[in-house]
Amino acid sequence: MTETVLLVGGGGREHAIARAVDDADDAELYACASNRNPGIDALAAGYETVEETDADAVVDYAESVGATLSVIGPEAALAAGVADALDDAGVYAFGPHAEEARIETDKAFQREFMEDNDVPGCPAYETFDDPEAAADHLRDADEDLAIKPRGLTGGKGVRVVGDQVTKAEGVDYILESDYEEFVLEERLVGEEFTIQAFVADGSYRVSPAVQDHKRAYEGDEGPNTGGMGSYSDATFELPFMTEADYTEAVEILDAVVEALPGYKGVLYGQFMLTAEGPKIVEFNARFGDPEAMNTLPVLETEFLDLLVAARDGDDLPELEFADRATVCKYAVPDGYPTDPTAGARVGVDPESAGEALLFYASVESREDGVFTTTSRSFAVVGRGETIADAEAVAEEALARAGEEGLRVRHDIGTAELLQQRIDHMNELRGD
Ligand code: AMP
Ligand code: GLY
């Protein structure tokens, strides 16, 4: 039977999801998003421009195309109850209901949930419902703390004292920002990595670890972004971690799935590998962007089969991943994220990207070409036997894009940066 799959969202992550769905012979893809992603447009049988948080509009479109399944990309849609609405309309949503998505969308809930359910890896934390109390707590703290607004901030709301800001700057940030409620927590020190698990009916399947690069500039300098690029290895671990670290991280995800039996969709663990093992920086209730672009291109099991099994309540298939490393690099407009300049021509497309995959994000497709807007523009993904091979493939595609008006973190996936990560972990572990 042909499945009619509605994809919600129009970024690089969703282009990767679209490609994975479209890979199946018996899938017909439709998409809806607030922007028009030319990569998704080229794959989809239909594409409607709607606000991703407008649950009624998404359901109307799902019904009009006869969707039998849906996949939700962005967290804002989950927070707005789009998965609830699609399920209510009889269109299975691979994405959690708003209540369960609170594991991402409400950072106070996230920590309290961990504590209440004995989920390991929770840093010490306190929650505050007014800025004055949060600021007082920070002023009095002896240790460095991470400052987190309670709700969604597009990955840009966190400030870490001792890393991005001083304590005084942190206090000012709390008092001067528009946020009201905060979580202040122990600053975790180590190397970050992501594991995405596919979850349905109380069971789950894991995928290889990925490391994202949040900082805007090379050498991990500058403001936090949505993520500038990421890599994964040909194994499930990353070069700075052991198999035991990976297993320990999965045990944390396991505890979450056990405590949330109704959860479905992707459960994304953002871990800090500390000297004491993996701790949770945060959970997300969806694929990572960019991490989806590392994971889905090496998934050899048909993604549609996983979605159908999840919907039908069948055992999830065992997932096969190619033994390939991946390197993903985003091209972003000059000045991103603080002062982006739009309107640069994108000089590479999926056909001219050579061996690399090209995923569009926030771009505008006009008659005379594809142009940048003010958010991340497009990503290239190289695959190879080693991270170095994959990095070279990604760079080849970028060389074709030209650099006019664009910025890329060329250091992502390089031997030098990898060695720094390994040295950092060795130093923390006292090896
Ligand atoms: P989030 O928006 O929760 O993903 O946080 C953004 C970034 O802030 C993370 O990727 C980490 O680099 C950093 N961060 C968040 N919480 C902590 C913490 N407790 N300790 C150290 N860094 C953190
Ligand atoms: N890569 C970080 C995120 O998707 O939130």
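Not measured: the values here are computed from a predicted model. (Residues numbered from 1 in each chain as written. Chains lettered and ligands numbered in written order. Predicted model: local features only at pLDDT ≥ 70, side-chain atom pairs only at ≥ 80, totals over all residues. Heavy atoms only, no water.)

Engineer: Can you walk me through the overall build of the chain in this structure?
Structural biologist: Secondary structure summary: the chain contains 14 helices and 23 strands in total. Scaling as 2.2 N^0.38, a compact globule of 431 residues should have a C-alpha radius of gyration of about 22 Å, and the chain matches this with 21 Å. With the C-alpha coordinates of the chain rotated into their principal frame, the extents come out at 60 × 45 × 40 Å. Residue burial in the chain is summarised as follows: out of 431 residues, 58% are buried. When contacts within the chain are restricted to residue pairs at least 6 apart in sequence, those whose partners lie at least 24 apart make up 68%. Summed over its atoms, the accessible surface of the chain is roughly 16700 Å², and 42% of this surface lies on carbon and sulfur atoms. Both charge centroids of the chain, one from 31 positive and one from 93 negative side chains, sit 4 Å from each other. (Helix = DSSP H or I, 4+ residues; strand = E, 2+ residues; numbered from the N terminus. Rg over C-alpha atoms; globule rule 2.2 N^0.38 Å. Buried < 20%, exposed > 50% of the residue type's maximum accessible area, 1.4 Å probe, protein only. Contact = heavy atoms within 4.5 Å. Areas by Shrake-Rupley, 256 points an atom, 1.4 Å probe, with all protein chains shown as cover. Lys, Arg positive; Asp, Glu negative; His and termini not counted. Charge placed at Lys NZ, Arg CZ, Asp CG, Glu CD.)

Engineer: Where do I start with the site of ligand 1 in this structure?
Structural biologist: The full set close to ligand 1 counts 15 residues, and E185, E186, L188, E192 and E282 are the nearest of them. Side-chain polar atom of K107 to an oxygen atom of ligand 1: 3.2 Å apart, as the coordinates give it. At 2.5 Å from an oxygen atom of ligand 1 is found a side-chain nitrogen or oxygen belonging to E192. A total of 470 Å² of accessible area belongs to ligand 1 in isolation, and the protein chains cover 94% of it. Those elements that provide at least two residues to the shell around ligand 1 are β7 (145-149), β9 (182-186) and β17 (277-284). In the shell around ligand 1, the residues fall into six nonpolar, one polar and eight charged. (Near = heavy atom within 4 Å. Polar contact = N/O pair within 3.5 Å; in protein donor to acceptor, adjacent residues only side chain to side chain. Nonpolar A, V, L, I, M, F, W, Y, C, P; charged D, E, K, R; others polar.)

Engineer: I would appreciate a short explanation of the pattern of salt bridges in the present structure.
Structural biologist: Any two side chains of opposite charge can pair if their charged atoms end up close together. In this structure the tally under the stated criterion is 29 salt bridges. Salt-bridge contacts for E3 lead to R311; the nearest nitrogen and oxygen are separated by 2.7 Å. In this pair, E3 sits in strand β1 (residues 3-8) while R311 sits in helix α12 (residues 303-312), placing the two residues 308 residues apart along the sequence. E3 sits in the buried class, given a relative accessible area of 5%. (Salt bridge = Lys/Arg side-chain N within 4 Å of Asp/Glu carboxyl O.)

Engineer: Looking at this structure, how should I read the sheet that holds β9?
Structural biologist: In any sheet, the strands associate via hydrogen bonds between backbone groups, in a parallel or an antiparallel arrangement. Read from one edge of the open sheet, four strands run β6-β9-β7-β8, paired in antiparallel fashion. Either end of the sheet is taken by a strand with one partner, and the two such strands are β6 (125-128) and β8 (159-160). Pairing of β7 with β9, which is carried by five bridges, proceeds in the antiparallel orientation. Counted as the bridge partner of P149 is F182 from β9. Set on the sheet, helix α7 (residues 107-116) makes contact with β6, β7 and β9; between it and β6 the angle comes to about 140°. (Pairing = 2+ DSSP bridges. Axes fitted to C-alpha atoms, helices over the stretch in contact; angles between N-to-C directions.)

Engineer: Whenever I open this one, the site of ligand 2 confuses me. Can you help?
Structural biologist: Around ligand 2, the neighbouring residues are D212, K214, G226, Y268, N284, R286, G288, D289, P290 and E291. A distance of 2.9 Å separates an oxygen atom of ligand 2 from a polar atom in the side chain of R286. A distance of 2.9 Å separates an oxygen atom of ligand 2 from a polar backbone atom of D289. Within the complex, 92% of the 200 Å² of free accessible area of ligand 2 lies under protein. Taken together, the residues that form the shell around ligand 2 break down as two nonpolar, three polar and five charged.

Engineer: Would you explain the sheet that holds strand β10 (residues 191-200) in this entry?
Structural biologist: Within the open sheet, the four strands sit side by side as β11-β10-β16-β17. Their pairing is antiparallel. Looking at strand neighbours, the two that pair on one side only are β11 (203-206) and β17, the edges of this open sheet. For this sheet, the mean inter-axis angle between neighbouring strands, taken without regard to orientation, is 35°. Both β10 and β11 contribute to a ladder of four bridges, which runs antiparallel. Across the sheet, residue F198 finds its bridge partner in β11, namely R205.

Engineer: Would you explain the packing of aromatic side chains in this entry?
Structural biologist: Given two aromatic rings, one states the distance between the centres and the angle between the planes to describe the pair. A complete count under the given rule lists 10 aromatic pairs for this structure. Look at F198 and F303: their rings are 6.3 Å apart centre to centre, the planes differ by 65°, and that puts the pair in the edge-to-face class. In this pair, F198 sits in strand β10 while F303 sits in helix α12, placing the two residues 105 residues apart along the sequence. No difference in accessibility class separates F198 from F303, as the two residues are buried. In this structure an aromatic cluster arises from ring pairing among F94, F198, F287 and F303. The ring centre of Y268 lies 5.9 Å from the NZ or CZ of R286, which sits over that ring. Sitting over the ring of F371, R366 keeps its end group 3.9 Å from the ring centre. (Phe/Tyr/Trp six-rings, centres within 6.5 Å; stacked < 30°, edge-to-face > 60°. Lys NZ or Arg CZ within 6 Å of the ring centre and 35° of its normal.)

Engineer: Please explain the environment of R286 as it appears in this structure.
Structural biologist: Secondary-structure assignment places R286 in the loop between β17 and α11 (291-295). In this view, R286 contacts R13, G73, P74, E75, L78, E104, Y263, V266 and Y268; residues no more than four positions away in its chain are not counted. A polar side-chain atom of R286 sits 2.8 Å from a polar atom in the side chain of E75.

Engineer: Honestly, helix α8 (residues 131-140) in this entry has me stumped. Any pointers?
Structural biologist: For an α-helix, 3.6 residues make a turn, and residues three or four places apart therefore share a direction. Those residues of α8 that fall on the buried side of the exposure criterion are P131, A134, A135 and L138. Projected down its long axis, α8 shows its buried positions confined to an angular sector of 100°, all on one face. Elements that come into contact with the buried residues of α8 comprise β6, β7, α9 (167-176) and β9. Where α8 starts, the residue carrying a side-chain oxygen 3.2 Å from the main-chain nitrogen of E132 turns out to be D130. (Arc of directions from axis to C-beta.)

Engineer: Explain the pairing of β10 to me, please; I cannot follow it from the model alone.
Structural biologist: Across a regular strand the side chains alternate sides, sitting on one face of the sheet and then on the other. For β10, the tally of buried residues reaches nine of 10 residues, placing the bulk of the element in the interior. Of the strand pairs in this sheet, β10 and strand β16 (residues 265-274) are connected by nine bridges, and their pairing is antiparallel. Paired with F198 across the bridge in β16 is V266. Counted along the chain from β10 to the antiparallel partner β11, the turn is two residues long, and its residue D201 has a positive phi close to 55°.

By themselves these figures say nothing about function.
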